[in-house]
Amino acid sequence: MTRETIGGNICFTYIPSEKFKTGFFSAQMALPLTAEAAGRNALLVNVLSRGTARCPDIEALGRELDLLYGARLDPTVRKKGENQLFGFVASCVDDRFLGGEERLLEPLTALMGEMLCAPALEDGRLRSGYVAGERANLADLIRSTINDKRSYAARRLLEELCAGEPYGLSRLGTVRDVEAITAEDLDRHYRDVLPRARLELFYCGSAPQDRVREAFSAAFAALPRRGALEPVETLCHPLPEQCRTVTEEMDVAQGKLCIGYTTDSEDRMATRLMNSMFGGSATSKLFTNVREKLSLCYYAGSTYHRSKGIITVSAGIEQENYRKTLDEINRQLEAMASGRWEDWELEAARTSLLSGLRTMEDSAGALEDYAMNRAVTGAESLEELRTGLMEVTPERVRAAAAALRIDTIYFLKGKEAQ
């Protein structure tokens, strides 16, 4: 994997591979995540995906992609650390499988460039009909997130845990903000953000790096550049003065218990491995003890938010088991901090993480997502992760567990629960 600057604040990541039958591309605008702009950026990329000056509607875009042997070109909106990325991902048959001199790389990258630089307009502005349609779609999508109570509870924990910090914001914005965006607002935002945000380009496939670079350079030659809107470093969440508990009631049968822990440990490799032992793998303490042995929950797991310095736990429980489950989760963490585990638990967690890294290399999309994360948060390379994980000792794992402090508890319970 190599990364280079190819003009202005345009960066290009290249991964040569003949493992895949398709070439994978992406073009992402990367900028700080803010409450004011999150909804506008999410709406903007969906509006841009509706058509270009040359292919002004979905039907015309579909015909163009059909000519490229059914290539895919889709909008994306992501949150990486305290930054937002929005743009397009694309894939097509790798040119080496085509006969003769036919090429797909150049026309597909050109179409991506048109999406960002030459959108479908009316009277010189973004089409108001497209804005109205996508505004309604996005607002409905945001509303629908409440239907998955597990994801909803995990998101609400982050909102409470990181209140007042960009990390607590949704990548899609809020319904209120989205519904207030007019076509004129979005057009002004497009013309303001497009020249200033960093553009991250990515390719994984068998084409030579020089050829891909030239294709991207040609595709985005019309992109105005006066870069001043760079991604920001994600600040670690401070240690809490005391634990906060937030309870929310809904018409649910199964309670959702989410816990946020903060750490001041700078040993990220050990914290990553400790989290896998705690609740991040199928052999973790939360899964084998809290769920399997004690049957206190329907699911239980933990996630390490590396750039933010927090670990979040999520469990689905019978509501009367709230206190028992909370106490048992904290007991398992105490066991981690005091070294009460078997050697096989450490090695099983290490093996699980290393296996996950190998699996990532079998997916061009996963590699692209990791490359984008690394570009804006400074994450380690895959090789650095492999080496670092192998070097973590039991003593470092215990120290990482001991550094955790409980910060916020979020409990989603049924309205009939006492």
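Colleague: Looking at this model, I keep getting lost on the overall build of the chain. Mind explaining?
Modeller: Helix and strand content of the chain: 15 helices and 13 strands. Against the 2.2 N^0.38 benchmark of 22 Å for 418 residues, the chain shows a C-alpha radius of gyration of 23 Å, consistent with a compact globule. Its C-alpha atoms put the chain at 60 × 45 × 35 Å along the principal axes. Every one of the 418 residues in the chain was classed for burial, and the buried ones make up 54%. Sequence-distant contacts, at least 24 apart, represent 82% of the contacts inside the chain between residues at least 6 apart. Entry remark: accessible area of the chain is about 18,400 Å², with carbon and sulfur atoms responsible for 49%. The averaged location of the 62 negative side-chain charges in the chain is 2 Å from the averaged location of its 53 positive side-chain charges.

Colleague: Would you explain the sheet that holds strand β12 (residues 310-317) in this entry?
Modeller: Each strand in a sheet pairs with its neighbour through backbone hydrogen bonds, running either in the same direction (parallel) or in the opposite one (antiparallel). Within the open sheet, the five strands sit side by side as β9-β13-β10-β12-β11. Their pairing is mixed. The open sheet has two free edges, formed respectively by β9 (244-250) and β11 (299-305), since each of these has just one partner strand. Taking each pair of neighbouring strands and ignoring which way they run, the sheet shows an average axis angle of 15°. When β9 meets strand β13 (residues 404-414), the two strands line up parallel, connected through seven bridges. Within β13, the position partnered with Thr247 by the bridge is Phe411.

Colleague: When you look at the sheet that holds strand β8 (residues 198-205) in this model, what are you seeing that I'm missing?
Modeller: With respect to topology, six strands assemble into an open sheet ordered β1-β2-β8-β3-β5-β4, the strand pairing being mixed. Each of the sheet's edge strands pairs with one partner strand only, and the pair in question is β1 (2-7) and β4 (72-80). Taken over all neighbouring pairs, the strand axes of this sheet differ in orientation by 20° on average, direction set aside. The sheet contact formed by β4 and strand β5 (residues 83-93) spans nine bridges and is antiparallel. Looking at the pairing, Leu73 lines up with Ala90 of β5.

Colleague: I keep staring at the nonpolar core and nothing clicks. Help me out?
Modeller: When a protein is soluble and globular, its nonpolar side chains tend to lie buried together. With 61 residues, the main nonpolar core has Phe25, Leu116, Leu199, Tyr203 and Phe220 as its most contacted residues. Once residues within four sequence positions are removed from consideration, Leu199 is found in contact with Asn9, Ile10, Cys11, Ala27, Gln28, Met29, Leu116, Phe220, Leu223 and Arg225. Core analysis: the second largest hydrophobic core is formed by 55 residues, Ile259, Val313, Leu333 and Met372 among them.

Colleague: Would you explain the environment of Leu346 in this entry?
Modeller: For Leu346, the location among the structural elements is in helix α12 (residues 343-360). For Leu346 and Met274, which are 72 residues apart along the polypeptide, the C-alpha to C-alpha distance reads 8.2 Å. Contacts of Leu346, omitting those with residues within four sequence positions, involve Leu273, Met277, Trp341, Pro394 and Val397.

Colleague: Would you take a moment to explain the pattern of salt bridges for this structure?
Modeller: Pairing between side chains of opposite charge can happen when their charged atoms approach one another. Inspection of the entire model under this criterion finds 41 salt bridges. Residue Glu4 is joined to Arg213 by a salt bridge in which the shortest nitrogen-to-oxygen separation is 3.0 Å. Of the two residues, Glu4 is situated in strand β1 and Arg213 in helix α8 (residues 209-219); the sequence distance between them amounts to 209 residues. Residue class for Glu4 comes out partly exposed when judged on its relative accessible area of 22%. Among the ionic pairs, Asp327 bridges to Arg323, the shortest N-O distance being 3.4 Å. Here the residue Asp327 and the residue Arg323 both occupy positions in helix α11 (residues 322-338), the gap between them amounting to four residues, near one helical turn.

Colleague: Any chance you could explain unusual backbone geometry here in plain terms?
Modeller: As a rule of thumb, non-glycine residues mostly have phi less than zero, and peptide bonds are mostly trans rather than cis. Of note in this structure, Tyr69 is not a glycine but carries a positive phi near 60°. Locating Tyr69 in the fold gives a position in the loop between α2 (58-67) and β4. Not every positive phi belongs to a glycine, and Asp123 is a case in point at roughly 55°. Mapped onto the elements of the fold, Asp123 is located in the loop between β6 (121-122) and β7 (125-126).

Colleague: Just to check I follow, could you spell out the side chain of Thr263 for this structure?
Modeller: Looking at the secondary structure, you find Thr263 in strand β10 (residues 255-263). Overall, Thr263 belongs to the buried group, its relative accessible area being 6%. At 3.0 Å, the side chain of Thr263 forms a polar contact with the backbone nitrogen of Ser265. Each residue touching Thr263, except ones within four places of it in the same chain, is listed here: Leu239, Gly309, Ala403 and Leu404.

Colleague: Please clarify how the packing of α2 against helix α3 (residues 105-117) should be interpreted in this entry.
Modeller: Working note: a packed helix pair is described by the angle between its axes plus the distance between those axes. Packing of α2 against α3 leaves a shortest axis separation of 11 Å and a crossing angle of 160°. When the axis of α2 is compared with that of α3, the two are roughly antiparallel. Considering only the axes of α2 and α3, their crossing is left-handed. Across the interface between the two elements, Leu61, Glu64 and Leu65 from α2 touch Leu108, Leu111 and Met115 from α3. Tallied by class, the residues present in the contact of α2 with α3 amount to five nonpolar, no polar and one charged.

Colleague: Explanation requested: α2 in the structure shown.
Modeller: Since the α-helix packs 3.6 residues into each turn, any two residues three or four apart lie on the same face. The complete set of buried residues in α2 reads Ala60, Leu61, Glu64 and Leu65. Axial view of α2: buried residues confined to an arc of 135°, hence all on one face. Across from the buried face of α2, at angles greater than 90 degrees, the exposed residues are Glu59, Arg63 and Asp66. Elements in contact with the buried residues of α2: β4 and α3. Here α2 starts with a cap whose side-chain oxygen sits 3.3 Å from the backbone nitrogen of Glu59, and that cap is Asp57.

Thresholds applied
Residues numbered from 1 in each chain as written. Predicted model: local features only at pLDDT ≥ 70, side-chain atom pairs only at ≥ 80, totals over all residues. Heavy atoms only, no water. Helix = DSSP H or I, 4+ residues; strand = E, 2+ residues; numbered from the N terminus. Rg over C-alpha atoms; globule rule 2.2 N^0.38 Å. Buried < 20%, exposed > 50% of the residue type's maximum accessible area, 1.4 Å probe, protein only. Contact = heavy atoms within 4.5 Å. Areas by Shrake-Rupley, 256 points an atom, 1.4 Å probe, with all protein chains shown as cover. Lys, Arg positive; Asp, Glu negative; His and termini not counted. Charge placed at Lys NZ, Arg CZ, Asp CG, Glu CD. Pairing = 2+ DSSP bridges. Axes fitted to C-alpha atoms, helices over the stretch in contact; angles between N-to-C directions. Core = buried A, V, L, I, M, F, W, Y, C linked by side-chain atoms within 4.5 Å. Salt bridge = Lys/Arg side-chain N within 4 Å of Asp/Glu carboxyl O. Polar contact = N/O pair within 3.5 Å; in protein donor to acceptor, adjacent residues only side chain to side chain. Parallel < 35°, antiparallel > 145°, perpendicular 65-115°, else oblique. Left-handed = near helix turned anticlockwise from the far one by under 90°. Nonpolar A, V, L, I, M, F, W, Y, C, P; charged D, E, K, R; others polar. Arc of directions from axis to C-beta.

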